[in-house]
Amino acid sequence: MDPRQSPAEDAGSALLALYDPALPQVYGYLLRRCGSREVAEELTSETFLAAVDSVRRGMPPRIDVGWLIGVARHKLADHWRRQSREQRNLRAVALEPTAEDDPWDDRLDALRARATLDRLAPQHRAALTLRYVDDLPVPRVAALLDRTVRATEALLVRARREFRTVYTEGEGEIDD
């Protein structure tokens, strides 16, 4: 630590030094979860801008790749929420939650599962990705999606049902 630098300058220097090695990791994390280069690039940019803003305000807990991935996870959840709101505004769809068990434990083809996720409503894709790809517990998924735990459980029931329907509709199809 340079005695002539303030803590904010030290954090800024740490972020600048971390940028080149962290950029591909943050971008890769986002790309694997959203499947769109354009969205991943935009969210990566938002992640680093948020990190710079946090440094300027003197609020970063620690400057490392793990922290940046956490910021990226929040940016991705925000993106999914925005996308969900836009879809709700375009069409009003009443979905009745049910409290049924979901015993579907067939093995899934990974490529077809990814393609199926891409076809789901954004809120369903977000919930399933956070719960089953990121392996987060339901309360954490609820916090990231800004929902109650009960609403998130209902959302997951609907999302699994939609996933199963879309996945089974695609049986026999060959994707290029």
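One structure accompanies this document, and this report is about it.

The rules we used
Residues numbered from 1 in each chain as written. Predicted model: local features only at pLDDT ≥ 70, side-chain atom pairs only at ≥ 80, totals over all residues. Heavy atoms only, no water. Helix = DSSP H or I, 4+ residues; strand = E, 2+ residues; numbered from the N terminus. Buried < 20%, exposed > 50% of the residue type's maximum accessible area, 1.4 Å probe, protein only. Contact = heavy atoms within 4.5 Å. Areas by Shrake-Rupley, 256 points an atom, 1.4 Å probe, with all protein chains shown as cover. Axes fitted to C-alpha atoms, helices over the stretch in contact; angles between N-to-C directions. Parallel < 35°, antiparallel > 145°, perpendicular 65-115°, else oblique. Left-handed = near helix turned anticlockwise from the far one by under 90°. Nonpolar A, V, L, I, M, F, W, Y, C, P; charged D, E, K, R; others polar. Phe/Tyr/Trp six-rings, centres within 6.5 Å; stacked < 30°, edge-to-face > 60°. Lys NZ or Arg CZ within 6 Å of the ring centre and 35° of its normal.

Describing the overall build of the protein
Along its length, the protein carries seven helices and zero strands. Counting across all 176 residues of the protein, residues that qualify as buried make up 37%. Taking the intrachain contacts of the protein between residues at least 6 apart in sequence as the baseline, contacts between residues at least 24 apart amount to 69%. Of the roughly 10,900 Å² that the protein leaves accessible, carbon and sulfur atoms contribute 52%.

A closer look at the packing of helix α4 (residues 110–119) against helix α7 (residues 149–169)
Following both chains from N to C, one finds α4 and α7 inclined at 120°, their axes separated by 9 Å at the closest point. Comparing their axes, α7 and α4 come out oblique. As α4 runs across α7, the sense of the crossing is right-handed. Contacts from R112, A113, T116, L117 and R119 in α4 reach E162, F163, V166, Y167, T168 and E169 in α7. Taken together, the residues of the contact of α4 with α7 sort by class into five nonpolar, two polar and four charged.

Some remarks on the packing of aromatic side chains
This structure, assessed with the given rule, holds two aromatic pairs. Relative to F48, the ring of Y19 lies with its centre 4.9 Å away and its plane at 70°, an arrangement referred to as edge-to-face. Highlighted residues: Y19 in helix α1 (residues 7–34) and F48 in helix α2 (residues 37–56), separated in sequence by 29 residues. Look at F48 and you get buried, because its relative accessible area is 8%. Centre to centre, the rings of F163 and Y167 are 5.7 Å apart; their planes meet at 20°, and the pair counts as stacked. Highlighted residues: F163 and Y167, both in helix α7, separated by four residues, approximately one helical turn. Of the two residues, F163 and Y167, neither departs from the other in class, the shared state being buried. The residue whose ring lies beneath R112 is Y167, and the NZ or CZ to ring-centre distance is 3.8 Å.

Interpretation note: all reported values are geometric properties and have no functional meaning in isolation.
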